[in-house]
Amino acid sequence: MPRGIPNAKKDDSGMRYTSMHVPLAPNPKHVGTSYLKSETQNIWSRNAARKKELVAEEIAPSPEQRRGSHVIVIHPGSRFLRIGKASDVTPASIPNVIARRHKPPVPVPTHVEGISRPRKGQVPQLSSASPDGDEYAVDITSDDPFDAKMGSIIVSLRERMRFYKLRVTCNAAKVASTFNEQFKPEIIPEANDPFLVDWIQDPLEDSEVLVGEQALRLSDPQLLNYSVKWPIHGKNFNTRDYPSHQMILDDIETIIGTILSEKFNVRRPDYKDYSVVLVIPDFHDRAYVAEFVNILLVSLGFKQLCVQQAATYGAGISSACVVDIGAVNSSIACVDEGLVIPDSRITLNMGGNDITEFLYVLLERISFPYRDINLARWYDWAVMEDLKARLCTLAEGDVALNLYDFVVRKPGKPTEKYGLRAYDEIILAPMCIFEPRVIEFDRKHIGLRSIPHPDVTEEIIEHPVDVTQAMIISTQHLLPPPSTAPTDVRHSPIPMTQSQDEAIAVLENGGKQEQQDVSLPSTAHATPPPAVESSAQSTAGASGGVPADAPMEVIDVESDIKPSPIPVAPQPQPSQSSVPVAPNLGIDVCFEASKLPLDVAIFNSARASGGDDKIRKHLQAVLVIGGSALIPGMAHALESRLQAIATPLVPSMDKVQIIPPPKEVDPRVLAWKGAAVLGKMDSVADIWLTPADWDVLGMRGLRERCFYL
């Protein structure tokens, strides 16, 4: 290279499928022309100038119209599609399901078991009392792996109950099982059932498609030759139930179009007058976003569009750690001044559906009185969802041997009312998000495939697999050791203080060690008094030679072993440039990080957001949204567990705070509310993407308008 010319920048625009060299952009200082030297010469400025010229020709909106009345906000989810105008107070929450006529034979609906099951023929071990008389001890004598996983969760619950000095009813499971076995349902006449379901026994001949509640009210979809499918699964499309991804896109287009027509009286010819704000997951798949934008701008023909990640606009705060517990996935991201910190994003492969299924497994162990339950049928799944909403709690003080009732409504049969006695099943079920040993993560991925094929893409620039710093921190122990010793301490991985075998032994013997060094006995997850906190810190520092403010190394040994935070020697956070990409890691970082407990994942997300000041800032503003945020005691359960992790490891850590949603705002619609606020702001005019821009630039245009993509 000739002297005087600085080192050329890395060629980031190289073509993916050829070795042809693409010349770098010329230095504008050496060019005589003024082309592309100012912001007014790019395509966005030209489009803005063109819009100003057309403003006079457009019909001005009437003063009676509210701001945002021509902006539609769409938040697709696994179970519900929340859609509405930005001027509305709350969205319409429609089940994101569609039923299409199908030629016989109609495929039988199946349920993928995401929770471990007891061994068939195994008699459930209902007594948890210890022979030495300790009511908090748990005695597991079975050789069933499920009982061992259950034992670890029960141990965690008993330790918390011991800390809060709550009594344990040792024979409660046997009493509940005896009552449930002998219970006979009560028949409720139709005249006395205020929530009688109007089942669709004979749909009209022209009803080729049923959407939302109508699809769920089909009495027998197989007998009526209907195929019922849910097109969205977690943060991507439901490829398990569809043979072709084009069928998924057609169903999504049909669902959106039908809801807009029936609920909002917006017909297809009027779409050209409406703008759309699309809410996407924090950690999203580029193909998912591209296909959704293509549906809205090309297939449906909306005027313009912008995409928005889950933000805190709806909560009235600008910086927080947002925890969205959905039906299938739970996403965690730290938001600073309204923008998501990319390196703090992490997605957990568990959510409200796992709580529902685990509750079913637990109730089956105590002789659930409704014997004919099948989770593949929607009305049976709705029974468990109702029980979860009314029974489940995370407050240890609510654990008691109580009597509950529930109603079963079947098509073509009278309504039945059942009675149920349960003890700690109501708190063990939601505890699975903190103790995910019983979740079968590998089984959940069976049948799912990527869209499109990873070897086929329309983009000529190769994008590395999106792996965040929070995921790297969470899977640090699984990564291969570096081949050479790093020269810069900032780029060196966080060392481990124990070998893998010792870590496994610690996990098996002591469970999650959150307050003290791994050489000390485990304590409860609850927040201890200040004197206990200070003594725990000084003891940890004295016994293990590890200061109390040392960063934490999270150990996650396969899917059925609880990750444990282990204090290590202080190391600065790795810089963003040192984050390796997925092909060079040797493991599936995203999948391994998705197995973390919720409290550990929140702490790792805060760690990845920056230094100690950032960690304290985000842990003091944790916003929990989603359906599972409504579980009683969720705020205290998260606070106590996060406090136990953060107090010894973060210097000058004050109290962890869980921010409640604003008054009269459902946490399930808070993400939609945030996008609706964005749709009514004047600044949204700078980030609209029109169909013409999408046709010319594609994902590049979306990335330039929404810089976090």
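Above this note sits the structure.
Not measured: the values here are computed from a predicted model.

Parameters and conventions
- Residues numbered from 1 in each chain as written.
- Predicted model: local features only at pLDDT ≥ 70, side-chain atom pairs only at ≥ 80, totals over all residues.
- Heavy atoms only, no water.
- Helix = DSSP H or I, 4+ residues; strand = E, 2+ residues; numbered from the N terminus.
- Buried < 20%, exposed > 50% of the residue type's maximum accessible area, 1.4 Å probe, protein only.
- Contact = heavy atoms within 4.5 Å.
- Areas by Shrake-Rupley, 256 points an atom, 1.4 Å probe, with all protein chains shown as cover.
- Pairing = 2+ DSSP bridges.
- Axes fitted to C-alpha atoms, helices over the stretch in contact; angles between N-to-C directions.
- Core = buried A, V, L, I, M, F, W, Y, C linked by side-chain atoms within 4.5 Å.
- Phe/Tyr/Trp six-rings, centres within 6.5 Å; stacked < 30°, edge-to-face > 60°.
- Expected span 1.5 Å × (residues − 1).
- Salt bridge = Lys/Arg side-chain N within 4 Å of Asp/Glu carboxyl O.
- Patch = residues over 30% accessible without salt bridge, like charges linked within 9 Å, V, L, I, M, F, W, Y side chains within 5 Å.
- Lys, Arg positive; Asp, Glu negative; His and termini not counted.
- Charge placed at Lys NZ, Arg CZ, Asp CG, Glu CD.
- Disulfide = S-S within 2.5 Å.

Considering the overall build of the protein chain
In step 1: For the protein chain, the count of helices and strands is 20 helices and 21 strands.
In step 2: Within the protein chain, the proportion of its 709 residues that are buried is 50%.
In step 3: Sequence separation of at least 24 residues holds for 72% of the intrachain contacts in the protein chain that already meet a minimum separation of 6.
In step 4: Of the roughly 33,500 Å² of accessible surface on the protein chain, a fraction of 54% belongs to carbon and sulfur atoms.

What about the sheet that holds strand β3 (residues 92–95)?
In step 1: The sheet built from five strands is open, its strands ordered β3-β2-β1-β10-β11 with mixed pairing. At either end of the open sheet lies a strand with only one pairing partner, and these are β3 and β11 (304–309). Within this sheet the neighbouring strands show an average axis-to-axis angle of 20 degrees, counted without direction.
In step 2: Across four bridges, strand β1 (residues 71–76) lies against strand β10 (residues 275–280) in parallel orientation. Within β10, the residue paired with Ile 72 across the bridge is Val 276.
In step 3: Where helix α6 (residues 286–299) meets the sheet, it contacts β1, β10 and β11, and its direction lies at approximately 150 degrees from that of β11.

Some points on the nonpolar core
In step 1: Counting residues in hydrophobic clusters, the biggest one holds 95 residues, and the most contacted among them are Phe 358 and Leu 598.
In step 2: In this view, Leu 598 contacts Val 323, Ile 325, Ile 332, Leu 348, Met 350, Ile 433, Phe 434 and Leu 638; residues no more than four positions away in its chain are not counted.
In step 3: Judged by nonpolar contacts, the second largest core, of 45 residues, contains Ile 255, Tyr 288, Phe 292 and Val 293.

Thoughts on the environment of Leu 375
In step 1: The topology assignment puts Leu 375 in the loop between α7 (352–365) and α8 (378–391).
In step 2: Leu 375 sits 265 residues away from Thr 110 along the chain, and the two C-alpha atoms are 8.5 Å apart.
In step 3: Here Leu 375 is in contact with His 111, Glu 357, Tyr 360, Trp 381 and Met 384, once residues within four sequence places are set aside.

Quick look at the sheet that holds strand β5 (residues 186–188)
In step 1: One open sheet accounts for three strands, arranged β5-β17-β16; its pairing is antiparallel. Two strands close off the open sheet at either side, each with one partner strand: β5 and β16 (402–408). In this sheet, neighbouring strand axes are inclined to one another by 35 degrees on average, regardless of whether the strands run parallel or antiparallel.
In step 2: Where β5 meets strand β17 (residues 415–422), three bridges bridge the pair, whose relative direction is antiparallel. Within β17, the residue paired with Glu 186 across the bridge is Lys 417.
In step 3: Contacting β16 and β17, helix α3 (residues 172–182) runs over the sheet at an angle of about 160 degrees to β17.
In step 4: Of the strands in this sheet, β16 and β17 touch α8, which is tilted by about 150 degrees from β16.

Let's talk about the packing of aromatic side chains
In step 1: Per the stated rule, a full pass over the model turns up 11 aromatic pairs.
In step 2: Aromatic pair Trp 230 and Trp 378: ring centres 5.5 Å apart, planes at 45 degrees, arrangement tilted. With a gap of 148 residues between them, Trp 230 in the loop between β7 (226–229) and β8 (232–233) and Trp 378 in helix α8 connect regions that are remote in the sequence.
In step 3: Residues Tyr 288 and Phe 292 carry aromatic rings whose centres are separated by 5.4 Å and whose planes lie at 65 degrees to one another, so their mutual orientation is edge-to-face.

Remarks on helix α2 (residues 145–163)
Three or four residues apart is the spacing at which side chains of an α-helix point the same way, because the helix has 3.6 residues per turn.
In step 1: The terminal C-alpha atoms of α2 lie 28 Å apart, and with 19 residues this matches the ideal 27 Å at 1.5 Å per residue to within 8%.
In step 2: The positive-phi residue at the C-terminal boundary of α2 is Lys 165, with phi of around 60 degrees.

Digging into unusual backbone geometry
With the exception of glycine, most residues fall at negative phi, and the peptide bonds are largely trans.
In step 1: Here the bond from Pro 104 into Pro 105 is cis, since omega is 0 degrees, no more than 30 degrees from zero.
In step 2: Along the chain, Pro 105 falls in the loop between β4 (98–101) and α2.
In step 3: For Lys 165, which is not a glycine, the phi torsion comes out positive at approximately 60 degrees.
In step 4: You can see Lys 165 is positioned in the loop between α2 and α3.
In step 5: By relative accessible area, Lys 165 is classed as exposed at 70%.
In step 6: Of note, Ser 652 is a non-glycine position whose phi angle comes to about 55 degrees, a positive value.
In step 7: Summarising the element assignment, Ser 652 is placed in the loop between α17 (634–649) and β21 (658–659).
In step 8: Judged by relative accessible area, Ser 652 falls into the exposed class, the value being 60%.

A closer look at the pattern of salt bridges
In step 1: One pass over the structure, following the stated rule, counts 28 salt bridges.
In step 2: Across the pair Glu 396 and Arg 160 runs a salt bridge whose closest N-O atoms are separated by 2.5 Å. Here Arg 160 lies in helix α2 and Glu 396 lies in the loop between α8 and β16, a separation of 236 residues in the sequence. Take Glu 396 and Arg 160: they sit in the same class, and that class is buried.
In step 3: The salt bridge involving Asp 666 is made with Arg 668; its shortest N-O contact spans 2.7 Å.
In step 4: Accessibility expressed as a relative area gives 39% for Arg 668, which makes it partly exposed.
In step 5: Taken together, the shared-partner salt bridges in this structure form one network comprising Glu 113, Arg 117, Glu 357 and Arg 443.

Considering a negative patch on the surface
In step 1: Taken together, the side chains of Asp 202, Glu 205, Asp 206 and Glu 208 present a region of like negative charge at the surface.
In step 2: Relative to the helices and strands, Asp 206 resides in the loop between β5 and β6 (209–211).
In step 3: With relative accessibility at 63%, the residue Asp 206 sits in the exposed group.

A few points about the state of the cysteines
In step 1: In this structure the tally under the stated criterion is zero disulfides.
In step 2: Between Cys 334, a free cysteine, and Cys 321, which holds the nearest cysteine sulfur, the sulfur-to-sulfur gap is 3.9 Å.

Observations concerning the pairing of strand β13 (residues 330–336)
Remember that side chains alternate between the two faces of the sheet whenever the strand is regular.
In step 1: Within β13, seven of the seven residues are buried, which leaves it mostly tucked inside the rest of the structure.
In step 2: Of the two faces of β13, the one carrying Ser 330, Ile 332, Cys 334 and Asp 336 and the one carrying Ser 331, Ala 333 and Val 335 are both buried.
In step 3: The pairing of strand β12 (residues 320–325) with β13 spans six bridges and is antiparallel. By the bridge assignment for β13, Ala 320 is matched with Val 335.
In step 4: Where β12 folds back on β13, the antiparallel hairpin that results is connected by four residues.
In step 5: Across three bridges, the pairing between β13 and strand β15 (residues 346–348) is antiparallel. Paired with Ile 332 across the strands is Ile 346, a residue of β15.
In step 6: Pairing of β13 with strand β14 (residues 339–340), which is carried by two bridges, proceeds in the antiparallel orientation. In the strand pairing of β14, Val 335 is matched with Val 340.
In step 7: Counted between consecutive antiparallel strands, the loop separating β13 from β14 contains two residues, among which Glu 337 sits at a positive phi close to 55 degrees.

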